[in-house]
Every structure is written in C-alpha cells, then in structure tokens.
Amino acid sequence: MATFAVKDEGRVSMGLYRAHDSSESDDDRPLGRVVAPPPPAASSKRPTSLFNVLVDPLQRRPSAFVKPAPPNGNASTTTHVRHAVPPDMQAIQQLYTDFQQKVYMQGTLDKQHQRNTDGSPVPHPSFTPTYAELAGPILFLWEMAALEGQKGNKCILPQFINVLDAIVELRGDDEVLLCTAGQNQYVLRSDQAKTWFLALRLAVFESSRLFEMYTRRFVTRTVYQDLFAKQIKHKDGFLQVRLPGQTGWRQYWTVACSEKPEKRLFGKRMIPCRGQLMFYESKRARWPVATLVNVSHAYCLYPEANQLIDHAILFKVQGPMLVTTNATNGEQHMDDKPSCGTFIMAKDSKELVQWLVACFDVFQLYGRPSRLANDATDPKSLNFAEAPLITPSPNRPRRLLLEIDDIAHLAQNDDVPATSYRAVLAQKLKQGFRATIAPTPAYTTAPMSPTSPVLPSKHTNLLYTSDSDDDDEQDDHSDNESIVIHAAATTIAPASMGKHNQCAYSLPFIF
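Every value quoted in this text rests on a predicted model; they were computed, and no experiment measured them. Starting afresh in each chain, residues are numbered from 1 along the sequence in its written order. Since the coordinates come from a predicted model, pLDDT governs what is reported: local features require at least 70, and pairs of side-chain atoms require 80 or more to be given and counted, while whole-chain, interface and lining totals use all residues. Side-chain figures throughout are based on the complete set of non-hydrogen atoms in the structure, without hydrogens or water.

S.K.: For the side chain of E386, give the residues involved together with the corresponding values.
M.R.: The helix count covers DSSP runs of H or I at least four residues long, the strand count covers runs of E at least two residues long, and both are numbered beginning at the N terminus. Note that E386 resides in the loop between helix 4 (349–362) and helix 5 (387–390). Working definition: with a 1.4 Å probe on protein chains only, accessible area under 20% of the residue-type maximum means buried, over 50% means exposed, and in between means partly exposed. What makes E386 buried here is its relative accessible area of 9%. Every residue pair with non-hydrogen atoms within 4.5 Å of one another is taken to be in contact. Excluding its chain neighbours within four sequence positions, the residues that come into contact with E386 are I92, M213, R217 and A376.

S.K.: Explain helix 7 (residues 418–431) to me, and be specific about the residues and the numbers.
M.R.: Helices are assigned an expected span. That span is 1.5 Å times one less than the residue count. Helix length check: helix 7 (14 residues) gives 20 Å between terminal C-alpha atoms against 20 Å at 1.5 Å per residue, within 8%. Turning to helix 7, its buried residues number three or more, namely A418, Y421, R422, V424, L425, A426 and K428. For helix 7, the secondary structure elements touched by its buried residues are helix 3 (193–219), strand 13 (297–300) and helix 6 (404–407).

S.K.: Could you give an account of the environment of Q114, naming the residues involved and the relevant values?
M.R.: Considering the arrangement of structural elements, one finds Q114 in strand 2 (residues 103–115). For the pair formed by Q114 and H124, sequence separation is 10 residues and the distance between their alpha carbons is 8.8 Å. Ignoring anything within four residues of it in the chain, the contact list for Q114 reads S120, P121, V122, R171, L177, Q185 and V187.

S.K.: Can you explain the environment of R242? Please cite residues and give values.
M.R.: Take R242: it is sitting in strand 9 (residues 234–242). The definition of a polar contact used here is a pair of N or O atoms within 3.5 Å, where within protein one atom must be able to donate a hydrogen and the other to accept one, and adjacent residues in sequence count solely through side-chain atom pairs. A polar contact is formed between the side chain of R242 and the backbone oxygen of Q246, at a distance of 3.3 Å.

S.K.: Break down the sheet that holds strand 2 for me, with residues and values.
M.R.: Read across the open sheet, the 7 strands follow the order 5-4-3-2-8-7-6; overall the sheet is antiparallel. The open sheet has two free edges, formed respectively by strand 5 (159–162) and strand 6 (166–171), since each of these has just one partner strand. Within this sheet the neighbouring strands show an average axis-to-axis angle of 30 degrees, counted without direction. When DSSP finds two or more bridges between a pair of strands, those strands are recorded as paired. Where strand 4 (residues 138–143) lies against strand 5, 4 bridges are found, and the strand directions are antiparallel. Residue pairing in the sheet places I138 in a bridge with N162 of strand 5. Axes, fitted as lines to C-alpha atoms, cover a helix only where it is in contact. Angles between the N-to-C directions of the axes lie from 0 to 180 degrees.

S.K.: Kindly report on unusual backbone geometry, identifying the contributing residues and their values.
M.R.: The residue after R368, namely P369, is reached through a cis peptide bond having omega 15 degrees. Phi is positive for A385, close to 70 degrees, though the residue is something other than glycine. On the secondary structure map, A385 appears in the loop between helix 4 and helix 5. Using a relative accessible area of 0% as the deciding quantity, one classes A385 as buried.

S.K.: Break down the packing of helix 3 against helix 4 for me, citing the residues and quoting the values.
M.R.: For the pair helix 3 and helix 4, interaxial distance at closest approach is 11 Å and the crossing angle is 115 degrees. Judged by the angle between their axes, helix 3 and helix 4 are roughly perpendicular. Where helix 3 crosses over helix 4, the two elements pack in a sense that is left-handed. Between helix 3 and helix 4, the contacting residues are T215, F218 and V219 on the first element and S349, L352, V353, L356 and F360 on the second. Grouping the constituent residues of the contact of helix 3 with helix 4 by class yields 6 nonpolar, 2 polar and no charged. Roughly parallel covers angles under 35 degrees, roughly antiparallel covers those over 145, roughly perpendicular covers 65 to 115, and oblique covers all other angles. Left-handed describes a crossing in which the near helix is turned anticlockwise from the far one by less than a right angle; the clockwise case is right-handed. For this classification, Asp, Glu, Lys and Arg are treated as charged, while Ala, Val, Leu, Ile, Met, Phe, Trp, Tyr, Cys and Pro are nonpolar and the rest, including Gly, are polar.

S.K.: Tell me about the pattern of salt bridges, residues and numbers included.
M.R.: Every case where a carboxyl oxygen of Asp or Glu lies within 4 Å of a side-chain nitrogen of Lys or Arg is listed as a salt bridge. Following the criterion strictly, the structure yields 14 salt bridges and no others. Linking K67 and E133 is a salt bridge whose minimum nitrogen-to-oxygen distance equals 2.1 Å. Here K67, found in the loop between strand 1 (4–5) and helix 1 (75–84), pairs with E133, found in strand 3 (residues 128–135); they are 66 residues apart in sequence, far enough to count as distant. D361 is the partner of R368 in a salt bridge, and the nearest nitrogen-oxygen pair spans 2.7 Å.

S.K.: Give a description of the side chain of E206 that names residues and reports values.
M.R.: Assignment of secondary structure puts E206 in helix 3. Its relative accessible area of 1% is what places E206 among the buried residues. Those residues within four positions of E206 in sequence are excluded, and the remaining contacts are K102, Y104, R399, L400, L401 and L402.

S.K.: Tell me about the packing of aromatic side chains, and please be specific about residues and values.
M.R.: Two aromatic rings, drawn from Phe, Tyr or Trp (for Trp, its six-membered ring), form a pair once their centres lie within 6.5 Å of each other, and the interplanar angle then sorts them: stacked below 30 degrees, edge-to-face above 60, tilted otherwise. Applying the stated criterion across every chain yields a total of 16 aromatic pairs. Judged by centre distance (5.7 Å) and plane angle (15 degrees), the rings of F65 and W142 are stacked. With F65 in the loop between strand 1 and helix 1 and W142 in strand 4, this pair connects stretches of sequence that are 77 residues apart. Seen in terms of ring centroids, F99 and Y104 are 6.4 Å apart; in terms of plane orientation they differ by 70 degrees. Their pairing is edge-to-face. Among the aromatic residues, those joined into a cluster by ring pairs are Y96, F99, Y104, F211, Y214, F218, Y224, Y299 and Y302. Counting as a charge over the ring demands two things of the Lys NZ or Arg CZ atom: a distance within 6 Å of the ring centre and an angle within 35 degrees of the ring normal. Between R189 and the ring centre of F127, over which it is positioned, the NZ or CZ distance is 3.8 Å.

Have a look at this one:
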C-alpha cells in the first residue's frame, strides 16, 4: 500500500516517500520522488503500480500527472484487507475504500495560497494555473507549468490538500475560499467555482456519514452495552483537545453537562440547563476557555490502520462555540466564524465510548437519552442510509450517497447544510438507489488541448477500475504529534499520550 506524508509543526513525514526537511507548515507540500516500477514481462501479471490506478472514461488528466494509489483501492488486495478487518467492520471498510476512490470533480483552475498554518500571510501570493482532482478526502493539485518543456515519460507528482478538516466558502461567481490545517487559506479561481464548491461540500458531508456509521457499530459492541444503561447528565475529566483553528493538542479539564447547581437556603440542588461541553485550563479554573453549545454531531474517527479499528480513541464534536473574552467575570462571546469542529482524544476506547454517550445524552443526539436510534431511514440515526450501501445487490451505489446534481438546487449561503443534504438523501432513499454508470455530467472539465497527453480509457462502463497489485503493508512507525497520509488519511497523536495510544486516523471534517 502506497503511503505518503508531510512534515508539519512537529509532525513527522514517513512512509514510502522521502521526508521533507523544511520545517514550514503547509498542507500542499509536493510529495517526494517515486521511482516507477519496471515494465512487466510478457507472461507475468502486472506488477505493483503507484500511478493512475483509477481508470475513468471521463478522465482528462494528462497522463504525466500521476498520483499514488489509494490504500485498498483495487480488487486484488480486497480479500487480504478484509481478513485484517474485524468482521463487523468489513462493510464500513469497503465504503471507505469507495469514498477514497470517488472522483467528485476535476479540471483546471488557478490556485493562490494566501495564509500559512499559523495565520501569517504568504509573501507575494500569486495565482498558479493548476490541474486539480478531488478524489475522496484529498484535493490533488498539479501545476500546469510542469508540462512545458517536458521530455520523455517523466512523471509529475501532485501537491495535495486534505479537505475534510476544512471550511469551504463561495466568493462571488468564480472563487472558492478553502481554509484548512490550522489557519491555512487558499483561493481557488475557476469559471466552475460553484461546482467545485459543491464538490468540496459533498465530500465533507459523505465523509461524516461514513464516520457516523462506523461510530454506531463501534459503540454498540457488547463490551460497551452497560455504558448505555443510565442517562448521563454530567461527566468530567482531563482530555487532550484540539480546538478549531489550532494544530497542536492541549490538555483541558473537560465538562459535559445538561444540569447546573442552584443555590438554596439550605444547600443547593441541580436544575436542568441547556447542554454544554466546556474546556477549562485546569480543574480549579473558574471560567472555561471555550464552551460548545447546540452540538449537532459527535462521532469517533475511523483509524486508517486496520489493526487499530478495535482501539478507537479519537472523536470529534461539532457545534457553535462560545469563547471566553474576559477572564475576570467570565464573559463569553459567540465565535461567528465557521468552525471545522473540535477534536478530542481519550486515553482508551472505553473512555471514548463513555464520552460519546455523555455527548449523546447531554445534547440529545441520535435518539438518546431514551434509546440509541437504529433506523437506516431516519436522518437522526447514526446509521442513516447505511442499508442500501452495504446490502449485496447489483444496484449497490458504488459512488456512495449523493452526486453534485442532487444538491445543486440548494441554498449556497447555508453555513451548515447537513440538514438539507440529509433531506435530499432521505428523498433519494424513498425513490431507491440505482447502479451508477458513467454518464457525461455537466460538471466535467473541458477537454485538454490536442497536444496534451490524455490518460487512455480501457473500461467504458465503469467509473473506477484498477488492476494494480499494491501490497497492503502497514507502517507501524509513529511519532509524537505526527500526521501521516496513507494516500488520503491522517495520523494524529498528541505528544503527551503514551506510545500505545499513538495511532493512524483518517482526519475528517464534521459537516
């Protein structure tokens, strides 16, 4: 399995590609050099290939622009991968593989990097003509200038941006603002800006659905059943937290509650209040640093390494945030900036489930505190829309849930469009899914010039095919505060956590 990585503020590059020595933090750093495999013998099976593994009849990407194969992205490794995945998670693994292989949008655009991870402006920003492809959670970017003067069969590797921990905004008719990885900020300029905007939003939404499906299967395992026996109105403890806009982890005294004390003549009593998730600098701190209210989603993240699926420790919550602006009187103000959510790290899987159940109960999510919903037709259920995706059928939708045309009619100024997307999905469920053949959608890019090399098409009816035989080796190496991209996934591990808790996770964005 091909892996690649970036180095970002103490995050360490690793994998099959050479690590970068620069200490600058940037999500769109070029990948290291890759040596192409030797040509196969006439009588042998095609050897391992890292390039152009997704053969799409609509593909117009120049053949010189290559990208690493996604993990588990071909049929030849599927059997091996499923043996390594717990039986109750094999369907989720297949869905995540489908997600990584789904090409949402591709075409030429102009990219400008405006701000670095720490929020500092990029010196002399300029627009660069780029060929882009949004495949699963990764936006791959190739500079068009690299094609000029190209000789031979030289392969050109992409820069990349992980869009699942991102905020996407449409500016005017031809620009998309993309904020990701701390305070990184990019502007994507294109005459198809609206389609890019919708494609990015859809990728974010579909990832959140997959992670909620995984969460339900994980927390409802028999070993955790007793944690659902009683309603949780108050829970506290120290957790590792990464607040929105930050790249580092900090330990906070964390309190989830739906009741508060009321002073009375003789003592005090607890009275109901709106659900809150508060983060304090210390256990004795008087006022929280930040408070999450009206949380709409809470779910754990799917680890990229198969052997870690049973040991999830990372989850994410999404909701409006109140920030304390006066440490003397505890005055708080609503942060009106769009939020990519708050990441929280537990010390082990049991503690993770305890905190998730607490969030479900405090914010009345997914049918709790009465009973965890288990209805694939209910938009409020964790496993909403799961059934048609995992049921063996010729009509099983390989391109997951929605297409850009399904959501094109919705309002573009909706900061949290998940509700609208779920309504569209619910209607689609009633009508029934159909197998996706390869039509010519209105949002495909214009053809490349006749002189540009074009990726050949061998399969005219399949959206994705691959006959490469990539190994599914797992890289067990892990370092503190490292982010490791397994073709589309992210490893997160705070420095304060023990080595046994450092693991690989696909970093999503709750929508």
